[in-house]
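Geometric and topological summary
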Amino acid sequence: MHALIVIDMINTYGHEDAELLLPSAQRAVPVVAELLDRARKADVPVVYANDNFGSWRSHQGEIVDEALATAHSDLVEPLRPDDDSLFVLKARHSVFYETPMSYLLWRLGVDHVVLTGQVTEQCVLYSALDAHIRHLEVTVPKDAVASIHPRLGSAALEMMERNMGAHIVAAKEIDFA
């Protein structure tokens, strides 16, 4: 069974390197939104894995509201979690590090994760590695991830494919059936 993982897309873009990330995020958001729609229609679990921006008292609603109240709310609104979405707060790069993600995916019967989001050369890369070492099949839609440094983003996709056996495809090639 597949799960669609949306990494760090609920974002205020008030962080260092945000200006470098924004062009790539603007290209990825419509593709991620289309994948979300397809996954939801296919009853595929959608899990948002998001930084908490250092606020350990924050929760999903607060993080979404904060991101929607910024100048870049147009990048968040199309990706807003629905009532069936699952939400995991993370403190570091990988969606698995010190989170309940492994247990959650196991409980859902997931053996194949589709990783979307940002940043390709950081959180997506480390999450792909951690999924791989947990014996999960990994797909990364290359047009549904955003990078700060395009050259490093491309290198990260190549590393995921070569070193982890990840399927690097266009989003339209993903079949959630």
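Scroll up to find the structure this text is about.
Here goes a summary of the coordinates provided. Here the structure is a predicted model, which is why all the values come from computation and not from measurement.

**What about the overall build of the chain?**
- A count of helices and strands for the chain gives five helices and seven strands.
- Mapped from its N terminus to its C terminus, the chain presents α and β elements in the order β-α-β-α-β-α-β-α-β-β-α-β.
- Whereas a compact globule of 177 residues would reach a radius of gyration of roughly 16 Å, the chain reaches 15 Å, a difference of no more than 12%.
- Its C-alpha atoms give the chain principal-axis dimensions of about 35 × 35 × 30 Å.
- Counting all 177 residues of the chain, 53% fall into the buried class.
- Long-range pairs, those at least 24 residues apart, make up 82% of the contacts in the chain between residues at least 6 apart in sequence.
- A total accessible area of about 8,800 Å² is found for the chain, and carbon and sulfur atoms account for 50% of it.
- Treating the 14 positive side-chain charges of the chain as one cloud and the 26 negative ones as another, the clouds have centres 3 Å apart.

**Points about the packing of aromatic side chains**
- Summed over the entire model, instances satisfying the criterion amount to two aromatic pairs.
- Each ring, one from Tyr48 and one from Phe87, has its centre 6.2 Å from the other, and the planes form 20°; the classification is stacked. Residue Tyr48 is found in strand 2 (residues 46–51), and its partner Phe87 is found in strand 3 (residues 86–90); the two are separated by 39 residues along the sequence. Each member of the pair, Tyr48 as well as Phe87, is classed as buried.
- Relative to Trp106, the ring of Tyr103 lies with its centre 5.7 Å away and its plane at 35°, an arrangement referred to as tilted. In this pair, Tyr103 and Trp106 both sit in helix 3 (residues 101–108), three residues apart, roughly one turn of the helix.

**So, unusual backbone geometry**
- Across the junction of Gln118 and Val119, the peptide omega takes the value 5°, indicating a cis bond.
- When you line up the elements, Val119 lands in the loop between strand 4 (112–118) and helix 4 (120–133).
- The residue Tyr13 is not glycine, and still its phi comes out positive at about 55°.
- Here Tyr13 is to be found in the loop between strand 1 (2–7) and helix 1 (18–41).
- Tyr13 sits in the buried class, given a relative accessible area of 5%.

**Observations concerning the packing of helix 4 against helix 5 (residues 150–164)**
- Where helix 4 contacts helix 5, the axes come no closer than 9 Å and their chain directions differ by 10°. The angle between the axes of helix 4 and helix 5 places the two elements in the roughly parallel class. In this structure, helix 4 contributes Thr120, Glu121, Val124, Leu125, Ala128, Leu129 and His132 to the contact, and helix 5 contributes Leu152, Gly153, Ala156, Leu157, Met159, Met160, Asn163 and Met164.
- Of the residues that constitute the contact of helix 4 with helix 5, the class distribution is ten nonpolar, four polar and one charged.

Scoring rules and cut-offs
- Each chain has its residues counted from 1, running along the sequence as written.
- Owing to the predicted nature of the model, reporting of local features is limited to residues with pLDDT of at least 70; listing and counting of side-chain atom pairs is limited to 80 or more, with chain, interface and lining totals taken over all residues.
- Remark: hydrogens and water are excluded; side-chain values derive from all non-hydrogen atoms of the structure.
- The way it works is that DSSP assigns letters per residue, a run of H or I at least four long becomes a helix, a run of E at least two long becomes a strand, and they are numbered from the N terminus.
- For a compact globule the rule gives 2.2 Å times the number of residues to the power 0.38, and the radius of gyration it is set against comes from C-alpha atoms.
- Type-normalised accessible area, obtained with a 1.4 Å probe on protein chains alone, sets the label of each residue: buried when under 20%, exposed when over 50%, and partly exposed for intermediate values.
- The contact definition used throughout considers only heavy atoms, calling two residues in contact when any of these lie within 4.5 Å.
- All accessible areas in this document rest on Shrake-Rupley with a 1.4 Å probe, and a residue is counted as covered only by the protein chains that are shown.
- Two residue types count as positive, namely Lys and Arg, and two as negative, namely Asp and Glu; His and chain ends fall outside the count.
- By convention, the point assigned to a charge is CZ for Arg, NZ for Lys, CD for Glu and CG for Asp.
- Here a pair means two rings of Phe, Tyr or Trp (six-membered ring of Trp) with centres within 6.5 Å. Their orientation is stacked below 30 degrees between planes, edge-to-face above 60, and tilted elsewhere.
- Only the stretch in contact is used when fitting a helix axis, every axis being a line fitted to C-alpha atoms; angles between N-to-C directions are given from 0 to 180 degrees.
- Working definition: roughly parallel below 35 degrees, roughly antiparallel above 145 degrees, roughly perpendicular at 65 to 115 degrees, and oblique for all remaining angles.
- Any residue that is not Ala, Val, Leu, Ile, Met, Phe, Trp, Tyr, Cys, Pro, Asp, Glu, Lys or Arg is counted as polar, Gly included; the first ten are nonpolar and the last four charged.

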